[in-house]
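Breakdown of the fold
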Amino acid sequence: MTPAIFGISGPELTADERAFFKEADPAGYILFARNCENREQLRRLTDDLRGIHGRDRLIVSIDQEGGRVARMKPPEWPRYPAGEAFARLYEIAPASAIEAMRCNAEAMALELALAGISVDYHAPLDVRRPETDDVIGDRALGNEPMQVAALGRALLDGMARAGVVGCLKHMPGHGRATCDTHKELPTVEASAAELEADIEPFRTLSDHPLGMSAHIVFAAWDADRPATLSSKVIGNVIRRQIGFDGLLLTDDIDMQALDGTIPERSEQALAAGCDIVLNCWAKRDDMEGIVERCGTMSQQARERLDRVHAAMGDPLDTVETAELLAKRDALLAVAEGAAA
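Our subject in this report is the structure included herewith. Small disclaimer: the values here were computed from a predicted structure and weren't measured. (Residues numbered from 1 in each chain as written. Predicted model: local features only at pLDDT ≥ 70, side-chain atom pairs only at ≥ 80, totals over all residues. Heavy atoms only, no water.)

This brings us to the sheet that holds strand S9 (residues 210-213). Here we have 3 strands laid out as an open sheet, ordered S7-S9-S11, and parallel in their pairing. The sheet is open, and its two borders are formed by strand S7 (168-171) and strand S11 (247-249), each paired with just one other strand. Direction aside, neighbouring strands of the sheet carry axes that sit 30 degrees apart on average. Looking at chain direction, S7 and S9 are connected through 2 bridges and run parallel. Bridge assignment links Leu-168 to a residue of S9, and that residue is Gly-211. (Pairing = 2+ DSSP bridges. Helix = DSSP H or I, 4+ residues; strand = E, 2+ residues; numbered from the N terminus. Axes fitted to C-alpha atoms, helices over the stretch in contact; angles between N-to-C directions.)

As structure tokens, then:
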């Protein structure tokens, strides 16, 4: 199995993609708006992906957070609020915010499960600060570690009720970055003591089976390499200080924060301790280069992947989506009323 998650070019697999994926046997796939036209088409695509490998337990993933991060869009799919809505409610009524987040996450994940999607790259556990770049912005669950962890746990629990696995991101924390890693490489100068607040939500939820790295240099831990490419940050901080022993993905390996070719970056990330490379853009040359340079998945990574597969499942026999959304909206109205 190739230690990579690959993107797909359009709403259907091409014959070339089907043949390549069958031979490469990647760990999974990531979907974008280009892959999501309507319910029937999307389910057909995800069924096709499983058919290539002949297994039901497969990472078929997406970035579906709500707000501006939504690949499955209206009017075909419902609109969901960004994390900031729940953070505002938490400041007034923490228990209500936790329940609202759980309902929201379960409703969203039920839509994903119906589409054949098994993994959502959600929850962002980045502690928001005054200087936090807008790439995180209203996606954040708060500016206090305990609040971020509490809402993050509710989010992951809600998705799990629908059989979908969430993801801890962006380890060890994106909140102090003052630029967008899609465009450039941030350097964080905070001390190790100051960074304790950033890693605290990840430490609290470190029993979760899936996480994602950040393309950020943390000078206190490794002044020379971004976390994704740093054995010091992955080994000493993510694995030891945070205590995360789940499957660690890179953030999109194609972001401009990183240097070198895509296959070179991928090889470096795996050598540093990431388990799987996330490659989003369905560029055949890049995918072939990753297969050639990165070889097969390690036994340890495969065991971690098996734990992600085990966390996938069928939705619980629970309330209807409409009931979940009605409960969420009633709870969020408290924050809206307080702000009026």
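Applying the stated criterion across every chain yields a total of 6 aromatic pairs. The interplanar angle of 20 degrees and the centroid separation of 6.4 Å between the aromatic rings of Phe-6 and Phe-21 together place this pair among those described as stacked. Of the two residues, Phe-6 sits in strand S1 (residues 2-7) while Phe-21 sits in helix H1 (residues 15-24), which places them 15 residues apart along the sequence. When the ring of Phe-21 is compared with that of Tyr-29, the centres are 4.9 Å apart and the planes differ by 70 degrees; the resulting orientation is edge-to-face. Members of the aromatic cluster, each reached through a chain of ring pairs, are Phe-6, Phe-20, Phe-21 and Tyr-29. (Phe/Tyr/Trp six-rings, centres within 6.5 Å; stacked < 30°, edge-to-face > 60°.)

With respect to the element layout, Pro-145 can be found in helix H5 (residues 145-161). Residues Pro-145 and Ile-199 lie 54 residues apart in sequence; the distance between their C-alpha atoms is 8.3 Å. Setting aside its immediate chain neighbours within four residues, Pro-145 contacts Val-127, Ala-197, Glu-200 and Pro-201. (Contact = heavy atoms within 4.5 Å.)

For the structure on display, the rule yields 1 cavity of 30 Å³ or more. In this structure, the largest cavity encloses a volume near 40 Å³. Gln-64, Met-72, Trp-77, Pro-78, Tyr-80, Met-108, Glu-111 and Leu-112 are the residues that line the largest cavity. For the lining of the largest cavity, the leading source of residues is helix H4 (residues 94-114), giving 3 residues. Of the residues assigned to the lining of the largest cavity, the class counts are 6 nonpolar, 1 polar and 1 charged. (1 Å grid on protein atoms, 1.4 Å probe; cavity = no way out; pocket = protein on both sides within 12 Å on 5 of 7 lines; lining within 4 Å. Points joined across faces, edges and corners; volume = space filled by probe spheres on them. Nonpolar A, V, L, I, M, F, W, Y, C, P; charged D, E, K, R; others polar.)

Take the pattern of salt bridges next. Where charged atoms of side chains with opposite charge meet at close range, the side chains can pair. In this structure the tally under the stated criterion is 29 salt bridges. Close ionic contact of Asp-25 with Arg-55 constitutes a salt bridge, the shortest N to O distance being 3.5 Å. Residue Asp-25 is located in the loop between H1 and strand S2 (26-31), and its partner Arg-55 is located in the loop between helix H2 (39-53) and strand S3 (59-62); the two are separated by 30 residues in the primary sequence. Residue Lys-327 pairs with Glu-99 through a salt bridge whose shortest N-O separation is 3.0 Å. Here Lys-327 is found in helix H11 (residues 321-339), whereas its partner Glu-99 is found in helix H4, with 228 residues between them in sequence. Here Glu-99 falls in the partly exposed class, since its relative accessible area comes to 25%. (Salt bridge = Lys/Arg side-chain N within 4 Å of Asp/Glu carboxyl O. Buried < 20%, exposed > 50% of the residue type's maximum accessible area, 1.4 Å probe, protein only.)

Across the sheet, 5 strands lie side by side as S6-S3-S2-S1-S12; this open sheet has parallel pairing. Looking along the sheet, the strands with just one partner apiece sit at the ends: strand S6 (119-120) and strand S12 (277-279). As defined by bridge partners, S2 adjoins S3 across 4 bridges and the pair is classed as parallel. Paired with Gly-28 across the bridge in S3 is Ile-59.

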